[in-house]
Structure formats: C-alpha cells, structure tokens
Amino acid sequence: VHLHARDPIDGFPTTDPDVYAQFLPRIKQQCDAIINITTGQPSRRAFDSGDNSTAFEDRMAAPLEFSPEVTSFNMGSLNLGLFALKDKFKDKIIHDWERRFFEETKGVTLINNFETMEFTARELGDKRGVKFEFECFDIGHLHALKFIADQGWVKPPFFIQTIFGFVGGLGTSPKHVMHMKQTADDLFGDDYYWSVLAAGKAQIPLTTMAAVMGGNVRVGMEDSLWYAPGELAKTNAQQVGKIKRILEELSIEVASPDEARAMLGTKGVDNVNF
C-alpha cells in the first residue's frame with residue numbers, strides 16, 4: 001500500500017510526520033499489507049518559499065521517522081508539468097493552493113540527483129533496513145539504477161516500478177512498456193521484480209499488459225481518477241478490485257502480503273517504527 005499524506009484542514013499534500021502518525025498505526029492494526037510511503041512528495045514549505053533546497057529534507061522526514069518496510073525511490077529528476085491540467089480541472093478547484101499548485105509546477109523540478117540517491121540508500125536502506133520501490137519514469141532511470149548498484153549503494157533483488165503517462169516521463173505506448181522491460185532484462189537479468197503503473201485511462205490496459213508479460217502491477221487514485229470510461233473512481237479499493245478480477249480471469253495468481261514480503265525480502269511488519 002503506497003501512501004502519501006494530506007493536510008486534514010485543506011487537503012494540501014504534506015510531508016509532516018505528525019500527519020502520517022494519524023493513519024500509519026491504524027492501517028497497521030487493521031490489515032497485514034506492506035506499507036510503502038513516499039519519498040517524493042514536495043513540501044508546503046518548499047512550495048510556499050520557492051526554495052527547492054528545503055524540498056528533499058522535508059520529503060525524507062516521514063520515511064526517516066517511521067522506517068517502513070518499503071519506500072519509493074525516484075531514479076531521476078522530473079519536470080512535474082501539472083500546469084497543463086489547470087484548465088481541464090478549473091471547475092473542480094476548491095482551495096486557493098490548488099490553483100497555485102497547478103500554475104507553479106511550470107517552474108518546478110522534482111530533484112533526484114546522485115547525492116540524494118546516496119543519502120536515501122544509506123539512511124533508509126543501510127541504517128533502517130528499508131526496501132525500495134525504484135520508480136523509473138524513463139529509460140535513463142534504469143541506467144541510473146544500474147549505476148548506483150555498481151557503486152554498491154543498493155543491492156538486488158530490485159523492485160523496479162516502470163511508470164508511464166506522466167508529463168516529463170515516458171508516454172503510454174505499449175512499445176514503451178516493451179522497451180522498458182527489455183532494457184531492465186538486459187541490465188538486471190533475473191535480479192529484479194518488474195512492475196508497471198500508468199496514468200489516467202492507460203492505467204488498466206498497461207498494467208494488464210505487464211501482468212500478461214509476467215510483471216507485477218500498481219493501481220490507485222494517485223495515478224488515475226477513473227474507474228471506467230466516464231466514471232470516476234470512488235475509492236482506491238475499487239481500482240484494486242478491478243485489476244484483481246482481471247488478473248484472476250487471466251489465471252494470474254495474486255500474492256499475499258507475506259508472499260510479497262518473502263519475494264522482496266522486507267524486514268517485516270514488526271520492525272517498523274509505528
């Protein structure tokens with residue numbers, strides 16, 4: 001279960017550990033899922049000040065505090081480009097920050113350089129035993145993962161999440177999916193687990209394609225607001241249920257949480273800090 005947090009007052013995406021503390025223990029108590037929290041959420045402080053130097057420190061606050069089984073690990077910088085969606089969603093804007101958020105992403109890059117990657121690998125991986133979901137938005141991000149592996153910063157097996165359909169990254173052509181898989185095979189052989197997530201209407205088609213090719217899948221409302229053509233999703237669970245039904249119709253088995261823990265080699269739910 002990959003999680004971001006939002007300010008309970010106005011819904012602004014937040015990196016505040018106090019907000020994470022309101023829901024991480026509850027989820028842990030109520031299910032045995034692997035909890036995976038983001039290291040890629042821009043902070044309110046960086047957004048309000050325009051100072052990108054504070055962004056990485058804020059992004060790491062909750063992962064360092066709570067030491068989950070898994071966190072995301074972005075394999076390169078990304079131009080967010082959400083400004084292009086402003087007109088499409090202008091009638092759904094409720095808070096002033098939403099309009100600003102759309103507009104100001106025209107000048108925002110989510111910074112992930114080799115210095116921040118080494119810090120993430122050392123502080124979360126080496127010191128806290130966290131496993132990583134390596135998020136790759138482009139072919140070059142796979143090569144960046146191979147580079148940091150060769151430096152000894154991270155070790156296999158790698159959980160590689162290839163991502164399609166976000167501005168600044170690869171589009172949603174099936175050819176891109178095949179290219180990413182072939183490149184990962186060439187670079188990592190059998191030392192990785194492959195997964196796919198895709199934005200918007202491409203979410204279900206591309207994840208289904210990946211599953212047929214032997215991969216794993218990720219769905220949820222971070223990546224798509226839709227359940228079906230013209231029908232907005234009501235919950236994340238609705239999307240999860242849909243892809244689960246598709247996989248089972250294709251005779252593809254869905255792993256249990258403990259089976260996934262064994263595959264990824266996580267430290268186990270008893271060793272998190274929440």
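In this text, all values refer to a predicted model and were calculated from it rather than measured experimentally.

We now examine the packing of aromatic side chains. The full count for this structure, using the stated rule, is 14 aromatic pairs. With a centroid separation of 5.4 Å and 45° between ring planes, the pair formed by Tyr 20 and Phe 23 is classed as tilted. Of this pair, Tyr 20 and Phe 23 both sit in helix H1 (residues 17–30), three residues apart, which is roughly one turn of the helix. Overall, Tyr 20 belongs to the buried group, its relative accessible area being 2%. Aromatic rings pair up to connect Phe 73, Phe 132, Phe 134, Phe 158, Phe 188 and Tyr 192 into one cluster. A cation over a ring is seen here: Lys 28 above Phe 274, with NZ or CZ 5.8 Å from the ring centre. Between the NZ or CZ atom of Arg 44 and the centre of the ring of Phe 12, over which it lies, the distance is 4.4 Å.

With respect to the secondary-structure elements, Asp 223 resides in the loop between strand S11 (216–217) and strand S12 (226–228). Given a relative accessible area of 8%, Asp 223 falls into the buried group. Spatially, the C-alpha atom of Asp 223 lies 6.6 Å from that of Ala 198, the residues being 25 residues apart in sequence. Beyond its immediate stretch of four places on either side in the chain, Asp 223 contacts Phe 166, Leu 197, Ala 198, Ala 199, Gly 200, Gln 203 and Arg 218.

This part takes up a nonpolar patch on the surface. On the surface, Leu 225, Trp 226 and Leu 232 cluster together to form a nonpolar patch covering roughly 270 Å² of accessible area. For Trp 226, the position within the fold is in strand S12. Take Trp 226: its relative accessible area is 35%, and that puts it in the partly exposed class.

On to the sheet that holds strand S1 (residues 2–3), then. Strand order in the open sheet formed by seven strands is S1-S4-S5-S8-S9-S10-S11, with parallel pairing between adjacent strands. Sheet topology places S1 and S11 at the edges, where each strand pairs with a single neighbour. Sheet strands touched by helix H9 (residues 203–212): strand S9 (158–164), strand S10 (192–198) and S11. Its angle to S10, the strand with the most contacts, is close to 160°.

Here we take up unusual backbone geometry. Of note, the amide linkage connecting Pro 156 to Pro 157 takes the cis form, showing an omega dihedral of 0°. When you line up the elements, Pro 157 lands in the loop between helix H7 (139–150) and S9. A positive phi angle, near 45°, is found at Ser 67, a position not held by glycine. By secondary structure assignment, the location of Ser 67 is in the loop between helix H4 (61–66) and strand S5 (70–74). For Ser 251, which is not glycine, the phi dihedral falls at a positive 60°. Here Ser 251 lies in the loop between helix H10 (236–249) and helix H11 (257–264). The class for Ser 251 is exposed, based on a relative accessible area of 69%.

About the cut-offs
- Residues numbered from 1 in each chain as written.
- Predicted model: local features only at pLDDT ≥ 70, side-chain atom pairs only at ≥ 80, totals over all residues.
- Heavy atoms only, no water.
- Phe/Tyr/Trp six-rings, centres within 6.5 Å; stacked < 30°, edge-to-face > 60°.
- Helix = DSSP H or I, 4+ residues; strand = E, 2+ residues; numbered from the N terminus.
- Buried < 20%, exposed > 50% of the residue type's maximum accessible area, 1.4 Å probe, protein only.
- Lys NZ or Arg CZ within 6 Å of the ring centre and 35° of its normal.
- Contact = heavy atoms within 4.5 Å.
- Patch = residues over 30% accessible without salt bridge, like charges linked within 9 Å, V, L, I, M, F, W, Y side chains within 5 Å.
- Areas by Shrake-Rupley, 256 points an atom, 1.4 Å probe, with all protein chains shown as cover.
- Salt bridge = Lys/Arg side-chain N within 4 Å of Asp/Glu carboxyl O.
- Pairing = 2+ DSSP bridges.
- Axes fitted to C-alpha atoms, helices over the stretch in contact; angles between N-to-C directions.

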